[in-house]
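Each chain, letter by letter, is given below.
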Amino acid sequence: MAEDLTLYTKGGRVGRAGMSYTDDNGFIEVAEGDCVRNSPKTIVNSSGLLEEIPDDFPPVSYENGESLLNPEDSSENLTKWSEDFTQSLWTKTNASISPLQTTSPFKDVLADKLVEDSSFSNHFVVQLTALLDGDSSTYIYAKKSERNWMALNIGGGSERYAYFDLENGVTGGLVGLPSSSIESVGGGWYKCIVNYNISSGGKRISVYLSDSDLGINYQGDGSSGVFIIGASQEQKIKESSYIKTEATTQTRQPDSITNIGRAELFNSKKGSLKAYIKGHTNGGVIRAFSLNDKTDENRICIYLHPDVNKIGAVVSSLGVDTYIVPSGLNQLQYNYVQLDWDDGVYTFTVNGIILGTANYTTFPSGTIDNFSFDLGDGTSPFRDYIHGLEIIGKS
């Protein structure tokens, strides 16, 4: 067996999550754990398409051709009929829907087209939602057709519009909103996003055609429009992975990945814990992953800190914690984190720079035989982006 044992997260079969290690002969699967999520989930597959995976299937997604884990908290899409705008819940005003008109960013799903009529007016489709006061995220996938511009309106007592340029893939003007964002998902499609702390009544998701920036009131020609699919509105400040709905709203259950273990690999006096990580939010709550004995008494742990721009490391032995918490690290960007332990010293390195060291006299006691996406005791689960995970035990 090789001296350095490097383990990688990998997609497993339904209900299982696996890791494999490198020996002298190649990759051999050595540890499996439990993956639980009592609902489907949408991931980006290896072809770059959005695809729904079944209950309990490991949340392995792809970004720039590289696989990553994206465990998430639960969330509810408050929009109904998120892919079918022909339904009566979507009210059309000076506009119509031509169904199933073009390929979409979703695997094996065609997208509708929102088409203007020939009046001089606003041209839009709208659905009232059960969004409450507070944090909200609203988005839709859109692609230009004859029209290059569209706008999202989320209501809330006054008019709140965000404009999007589907020709150049950039955001446009804002009315009653502080910001918006746009993300390319390939094939000319864009995810158009509004995150906002909303108050007052009349919450909704409205998709407007526009002939220019800030130009929703214009002379229609009776045939022009844009392609749309995947409407979403959630009661949270940062949008999560897409949740498909039909006649009712739908809730995606939280991901739980636990009990991945092998004592002879993990319980090493020298080693490294490494990964590329990126948060869904910058601060807020602790989100951790660790080597542990299924408690928080003995562990080697890296975590996204509840304070903004901080990423921490903690080593615990018999309940005594040693922390290294550098600042100046944007959790919304990928950071390469590495916690090494060797000869009485812990070293925490981020993006190739040593940001802290700590001495220890006792390696975590007990048997470090488990890897989990939490603090070791099941609390503070890591439900953010992670890839390139390596656990290296050295003899």
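Residues numbered from 1 in each chain as written. Predicted model: local features only at pLDDT ≥ 70, side-chain atom pairs only at ≥ 80, totals over all residues. Heavy atoms only, no water.

Trainee: Residue-level account of the packing of aromatic side chains, with values.
Mentor: Each aromatic ring pair is described using two quantities: the centre-to-centre distance and the angle formed by the ring planes. What the rule picks out here adds up to 13 aromatic pairs. With centroids separated by 5.4 Å and ring planes inclined at 85°, the aromatic side chains of phenylalanine 289 and phenylalanine 382 adopt a geometry described as edge-to-face. In this pair, phenylalanine 289 sits in strand 26 (residues 287–292) while phenylalanine 382 sits in the loop between strand 33 (370–372) and strand 34 (385–394), placing the two residues 93 residues apart along the sequence. For the residue pair phenylalanine 289 and phenylalanine 382, the accessibility class agrees, reading buried in each case. Aromatic pair phenylalanine 371 and phenylalanine 373: ring centres 5.1 Å apart, planes at 85°, arrangement edge-to-face. Accessibility classification places phenylalanine 371 together with phenylalanine 373 in one group, the buried group. The rings of Phe106, Tyr139, Tyr141 and Tyr242 are connected pair by pair, giving a single aromatic cluster. Positioned above the aromatic ring of tyrosine 139, the side-chain terminus of lysine 191 is 4.3 Å from the ring centre. Over the ring of tyrosine 385 we find lysine 278; its NZ or CZ atom is 4.9 Å from the centre of that ring. (Phe/Tyr/Trp six-rings, centres within 6.5 Å; stacked < 30°, edge-to-face > 60°. Helix = DSSP H or I, 4+ residues; strand = E, 2+ residues; numbered from the N terminus. Buried < 20%, exposed > 50% of the residue type's maximum accessible area, 1.4 Å probe, protein only. Lys NZ or Arg CZ within 6 Å of the ring centre and 35° of its normal.)

Trainee: Quick one: what's the story with the side chain of arginine 287, residue by residue and with numbers?
Mentor: Structurally, the position occupied by arginine 287 is in strand 26. The exposure class assigned to arginine 287 is buried, which follows from its relative accessible area of 5%. Within the local environment of arginine 287, its side chain forms a polar contact with the backbone oxygen of threonine 281, the two atoms lying 2.7 Å apart. With near-sequence residues (within four places) excluded, arginine 287 lies in contact with Gly279, His280, Thr281, Ile302, Tyr303, Leu304, His305, Gln331, Ser380, Pro381, Phe382 and Asp384. (Polar contact = N/O pair within 3.5 Å; in protein donor to acceptor, adjacent residues only side chain to side chain. Contact = heavy atoms within 4.5 Å.)

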